[in-house]
Amino acid sequence: MLQNILKDYKVILASRSPRRQQLLRELKIDFEICADHEVDEIYPSGLLKEEIPVFLAERKAESVMPVIPEKTILITADTIVWLKGKVVHKPGNQNEARKMLYELSGSMHEVITGVCISLSDSRHSFYCSTLVWFTDLSDEEISEYVKEYNPYDKAGAYGIQEWIGYIGIEKIEGSYFNVVGLPVQRLYKELKRIMK
């Protein structure tokens, strides 16, 4: 079991996201939260779509803990929404959130999460991709969701685990938990591989 493999390690999740924190708890891993950091989500132009969240996850790791102490595992992650050849960021206000949801309505987009696992002597990064299909959303549904849920901390202005996901998402291809914010099945697999 992974818990036994990690019992001598201090595991730190550098994330303010309550969704990521909850998903990692479900893996039955003891960990601490480091949420007092802020990293600008700026990346070099020319990166492939899957390279963007990996780059940002690695930047977060360097920002939070440039030197990883012995017997410590630092986990950082970043999620992007990719639609029609570009990144759909987190909305800054109600108008931006509504605009994003109008763009997602009736179409397919890709949710890509980059994860970085940092140890004192190595770094391991990977990404997970999920395709998501939205049905056509009405003006009323979009406005009600934005007003009720304030999705300003979410890439693409929505949470799949919230009301908009229940009524709006027709199907997904790939990991559901990746869309929530952390591909826990893949993370579990990678931790087991790294810590052998």
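Reading the values: rules and limits
Residues numbered from 1 in each chain as written. Predicted model: local features only at pLDDT ≥ 70, side-chain atom pairs only at ≥ 80, totals over all residues. Heavy atoms only, no water. Core = buried A, V, L, I, M, F, W, Y, C linked by side-chain atoms within 4.5 Å. Buried < 20%, exposed > 50% of the residue type's maximum accessible area, 1.4 Å probe, protein only. Helix = DSSP H or I, 4+ residues; strand = E, 2+ residues; numbered from the N terminus. Contact = heavy atoms within 4.5 Å. Salt bridge = Lys/Arg side-chain N within 4 Å of Asp/Glu carboxyl O. Polar contact = N/O pair within 3.5 Å; in protein donor to acceptor, adjacent residues only side chain to side chain.

Visitor: Where do I start with the nonpolar core in this structure?
Guide: Side chains of nonpolar character tend, in soluble globular proteins, to be buried together. Formed by 44 residues in total, the largest nonpolar core has its most connected members in Leu24, Ile73, Ile75, Ile117, Tyr158 and Leu187. The biggest single contributor to this core is strand S3 (residues 72–83), with 5 residues. Among residues more than four places away in sequence, those in contact with Ile73 are Leu6, Tyr9, Lys10, Val11, Ile12, Ile117, Ser118, Leu119, Leu191 and Met195. Of all hydrophobic cores here, the second largest spans 10 residues; its members include Ile12, Ala57, Ala61 and Leu74.

Visitor: Explain the side chain of Glu162 to me, please; I cannot follow it from the model alone.
Guide: For Glu162, the location among the structural elements is in the loop between helix H5 (139–149) and helix H6 (163–168). Filtering out sequence-adjacent residues up to four positions away, Glu162 remains in contact with Tyr145, Tyr149 and Lys154.

Visitor: Quick question: what am I supposed to make of the pattern of salt bridges here?
Guide: Pairing between side chains of opposite charge can happen when their charged atoms approach one another. All chains considered together, the criterion is met by 12 salt bridges. Between Arg19 and Asp153 there is a salt bridge, with the nearest N and O atoms lying 3.4 Å from each other. Taken together, the residues span a long stretch of sequence, with Arg19 in helix H2 (residues 18–26) and Asp153 in the loop between H5 and H6 at a distance of 134 residues. It is possible to trace a salt-bridge network through shared partners that takes in Arg19, Asp153, Lys154 and Glu162.

Visitor: Can you help me understand the side chain of Thr79 in this one?
Guide: Structurally, the position occupied by Thr79 is in strand S3. Within the structure, Thr79 has its side chain in polar contact with the side chain of Arg20 (distance 2.9 Å). Polar side-chain contacts of Thr79 include one of 2.8 Å to the side chain of Thr113. Every residue in contact with Thr79, bar those within four places of it in the chain, is listed here: Arg20, Val111, Ile112, Thr113, Ala155 and Gly181.

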